[in-house]
Structures are given as C-alpha cells and as structure tokens.
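The residues making up each chain are set out below.
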Amino acid sequence: MTKDFIIGVGKLPRGTRNAITDVAGVRVGHATVDHGDAHTGVTVIVPCEGNVYARKPVAAAHVLNGFGKTCGLVQLEELGCLETPIALTNTLCVGRVADALVTHALREAERDGLDLPGTINPVVGETNDGRINNIRARSVGGRDVLDAIDAAGTDFAHGAVGAGRGTVCFGLKGGIGSSSRLIEIGGATYTLGVLVQSNFGRMPDLVLGGKPVGSRIAEELATPEVPERGSIMVVVATDAPLSSRQLGRVIRRATVGLVRCGSYMGHGSGDVFLGFTTANSMGSPVGPDGCLELRCLPEDRLDPLFRACAEATEEAVLDSLLAAEPMRGLDGTLYRSLGEFL
C-alpha cells in the first residue's frame, strides 16, 4: 500500500527495495521495546561491510535546527568520517546507546585481531517520543543496541518499530520510513537512499503530493491548533564517490523534502541530517606517496544527487506515516495512521 500510494513522489527511478539498503553494503536493524508504558526502541544503520572503525566511511552532518541531543557530530564534522554504525533512539537514551556502540566497536576490533582503539566516536541521533513512551524510564539498554546490530539486514521493517515505535509525525503516528533513488552521472548509475525517524510537524500543515491533506484530516478530527514540536533524523547513504564537503551539500537538500511535506522547522523541532558514502573510506591504505586514494565527482555533476535526496526524503517521511499503525499516547490520545484517511 505504502509504495503504491506514493509512487507519484518525484521523477527519479527507485531502487529494488525502495529503501536505504539499496545502497550495497548498507544494513538496518531494529530492537523494539514495547511493554507497560515503554514504547520505544533503537534503530541501527550499519554503513558498510566489515569493521566500521577500521574502514571509516566518509561522512557528513548538517544541523538545520539544533533542538536536539545527538552524539558524535563534532568529530564527524571535523574528520569527515564514521567510526561506528549510526544509531537512532529516544532523547534520554542517547548516552546508553552511545556506550553500547563503544562496546560494539571494541568487540569488533577484538574479533578482527585489531589493536583495541583508545578513542571511539559513537554517532547517535534521537527524537523525543515522550507523548507515547514513558521516556523518563530510559528503557533502551545496551543489549537492545547490540541485538539491533546483530539483526541488521537489507530487508527491515518500516513504521512503528525500533526508534520509531513511539514517535508522532504531523499529529499522526510516525516512525521509521525509507526510500531510494537511482541516478545516472557520466554514464555510471549510482544509488542514494534515505532513512528517517519521523517525529515532527503539525497536522494542518501536512502535504501529500502538493495537496493539503493535513488540513482536511485536522478538520475531520477537530484537532486543536498546536505548535510544531518533535524532531526528525534523516540518514542519507550513497555509493556515489563524494568528499565529506560534497556529502554536506547533498544532505542539506533533505530540507527540500521536509518542506514538500509541509514542515517549517519550528522552534521545538530538531532537524538533523547525517550522510555517508560507501565509495570513499578514510581507512583506505595509504599509497606510496603517503596519500589516501579518494575519488569525487565534479561539482557541476551533483544536481542529480540533490534531486535524489529531496525526493527520497519526502517519500521516506510519507512511508513512515503510511507504514505505522495507530497507537495511543500516555494521556489516552489516539494517534491515527495516515493510511486511514486515504
């Protein structure tokens, strides 16, 4: 239903799965915590095959609105690479998840016979799921993170799972969504995929394919006016050869996708974008001249990637809304699924 409905979003062709895992080597795993008043979890994006700390995929970050509590962005922006998988969770569990990513990196180094690193930069994104989840209980533990990594694969669930279990988007049930695009540049075909943890927006502002669907739903449900609050994490993956700076240019175009959905990035919405490429690695062998061998596209060939990021972000948000089933909040509010109104 989800993919059939949003087939009209954008002009570029989609990958086989229409998901971030259409980028070869990328895997996604969830661990969902769902008991009592705990409705939360963790979602992990493994960016490459092999040891992430050793490979150090080239990466970038962009903060559109900084009302967020992410971990690891300072070093990511400074050095332009990842050292761990990217984990998404709820706001108050960032520390616990970061600690588990360090445990994973140490475990992987020992398994692969590498020197145990003395510094590791775990990257964790978050949104606040406190409307549905008792966030103060901090129910996500280290075992959940390791389980999500171990379960990561190319096929993964969308909707109210993992880090999206307790999220709310445009006043409806949000969650994990994903989409991908294929791009031709210079005779080569590249893939760009997006995964979102959607927890932002006001119901009256929701737009689908240019149509103000949210205002109709808000009127039907007699929803009171509320400020925009929540957050969104956008993770972009590609196999196009890009520098960290170029990745930054690409992932900023996720803004276009959010605007097309109706967001204005209000005060209470933390809008954070992360991106990486599987084509370049800061852990590559150093050549005889003492330099890394990194490749990147010319600047004037990046337009197709800009379009792909915008289209895939818009579709990933809609995917998260359509894939999520209705859930009740802690105060009894029913957060409906977008699919109920289409």
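Residues numbered from 1 in each chain as written. Predicted model: local features only at pLDDT ≥ 70, side-chain atom pairs only at ≥ 80, totals over all residues. Heavy atoms only, no water.

Undergrad: Explain the sheet that holds strand S2 (residues 38–46) to me, please; I cannot follow it from the model alone.
TA: Neighbouring strands of a sheet are bound in pairs by backbone hydrogen bonds; such pairs are parallel or else antiparallel. Strand order across the open sheet formed by four strands is S1-S2-S4-S5, with mixed pairing between neighbours. Where the open sheet ends on each side, the last strands, each with one partner, are strand S1 (27–35) and strand S5 (123–127). Going from strand to strand, the sheet's axes swing by 15 degrees on average, the running direction of each strand aside. As judged from the five bridges shared by strand S4 (residues 86–90) and S5, these two strands associate in the parallel manner. Note on S5: the bridge partner recorded for Ile86 is Val123. Seen against the sheet, helix H4 (residues 94–111) touches S2, S4 and S5 and runs at an angle of roughly 155 degrees to S5. (Pairing = 2+ DSSP bridges. Helix = DSSP H or I, 4+ residues; strand = E, 2+ residues; numbered from the N terminus. Axes fitted to C-alpha atoms, helices over the stretch in contact; angles between N-to-C directions. Contact = heavy atoms within 4.5 Å.)

Undergrad: What's the story with the packing of helix H8 (residues 254–261) against helix H9 (residues 303–323) in this structure? I'm lost.
TA: Helix-helix packing is characterised by the crossing angle of the two axes and by the distance between the axes. Running from amino to carboxyl end, H8 crosses H9 at an angle of 45 degrees, the nearest separation of the two axes being 7 Å. When the interaxial angle is binned, H8 and H9 end up oblique. Relative to H9, H8 is oriented so that their crossing is right-handed. Contacts between H8 and H9 involve Ala254, Val256, Gly257, Leu258, Arg260 and Cys261 from the former and Cys309, Ala310, Glu311, Thr313, Glu314, Val317 and Leu318 from the latter. Class assignment of the residues belonging to the contact of H8 with H9 gives a composition of eight nonpolar, two polar and three charged. (Parallel < 35°, antiparallel > 145°, perpendicular 65-115°, else oblique. Left-handed = near helix turned anticlockwise from the far one by under 90°. Nonpolar A, V, L, I, M, F, W, Y, C, P; charged D, E, K, R; others polar.)

Undergrad: Just to check I follow, could you spell out the sheet that holds strand S10 (residues 229–238) for this structure?
TA: Taken in spatial order, the five strands make up an open sheet running S3-S11-S10-S9-S8, and their pairing is mixed. Whereas interior strands pair on both sides, the edge strands pair on one side only; in this sheet they are strand S3 (57–65) and strand S8 (176–185). Sheet twist, expressed as the average angle between the axes of neighbouring strands with direction ignored, equals 15 degrees. Summarising the sheet, S8 and strand S9 (residues 188–199) pair through ten bridges and their orientation is antiparallel. Bridged to Ile185 within S9 is Ala188. Contacts from helix H7 (residues 244–251) reach S3, S9, S10 and strand S11 (268–281) within the one sheet, and its direction differs from that of S3 by about 40 degrees. Here H9 sits on the sheet and contacts S8, S9 and S10; the angle it forms with S8, its principal contact strand, is near 160 degrees.

Undergrad: Sorry, what's going on with H9 here?
TA: Quick reminder: α-helices carry 3.6 residues per turn. Residues three or four places apart thus point the same way. Relative to the 30 Å expected for 21 residues at 1.5 Å per residue, H9 spans 30 Å between its end C-alpha atoms, a close match to the ideal helical length. By the criterion of burial, H9 is predominantly enclosed, with 17 of the 21 residues buried. (Expected span 1.5 Å × (residues − 1). Buried < 20%, exposed > 50% of the residue type's maximum accessible area, 1.4 Å probe, protein only.)

Undergrad: Just checking my understanding: could you explain the environment of Glu340 for this structure?
TA: By the secondary structure assignment, Glu340 is in the segment after strand S13 (334–335). For Glu340, a relative accessible area of 40% translates into the label partly exposed. Linking Glu340 and Pro224, residues 116 residues apart in sequence, is a C-alpha distance of 19 Å. There is a polar contact of 2.8 Å between the side chain of Glu340 and the backbone nitrogen of Ser337. (Polar contact = N/O pair within 3.5 Å; in protein donor to acceptor, adjacent residues only side chain to side chain.)

Undergrad: I'm lost on the side chain of Ser281 in this one. Help?
TA: As for its position among the elements, Ser281 is in strand S11. On the accessibility criterion, Ser281 (9% relative accessible area) is buried. Beyond its immediate sequence surroundings of up to four residues, Ser281 is in contact with Arg55, Lys56, Pro57, Val58 and Leu294.

Undergrad: Would you mind going over the packing of aromatic side chains with me for this structure?
TA: Describing an aromatic ring pair means giving the distance of the ring centres and the angle of the ring planes. Per the counting criterion, the structure on display carries one aromatic pair. The ring centre of Phe306 lies 3.8 Å from the NZ or CZ of Arg253, which sits over that ring. (Phe/Tyr/Trp six-rings, centres within 6.5 Å; stacked < 30°, edge-to-face > 60°. Lys NZ or Arg CZ within 6 Å of the ring centre and 35° of its normal.)

Undergrad: Could you clarify how one ought to interpret the nonpolar core in this entry?
TA: Here is a general trend for soluble globular proteins: nonpolar side chains tend to be buried in one another's company. Grouped together as the largest cluster of nonpolar side chains are 47 residues, with contacts concentrated most on Leu192, Leu305, Val317 and Leu321. Looking at this core, the elements that each hand over two or more residues are S3, S8, S9, helix H6 (213–221), S10, H7, H8 and H9. Sorting elements by how many residues they give to this core places H9 first, with ten residues. Every residue in contact with Leu321, bar those within four places of it in the chain, is listed here: Cys169, Phe170, Leu172, Lys173, Gly174, Leu206, Ser337 and Leu338. If you look at the next biggest cluster of nonpolar residues, it comprises 24 residues, including Val23, Ile45, Leu88 and Leu195. (Core = buried A, V, L, I, M, F, W, Y, C linked by side-chain atoms within 4.5 Å.)

Undergrad: Can you help me understand the side chain of Thr21 in this one?
TA: Relative to the assigned elements, Thr21 resides in the loop between helix H1 (2–5) and S1. In this view, Thr21 contacts Val26, Arg27, Val28, Gly153, Thr154 and Phe156; residues no more than four positions away in its chain are not counted.

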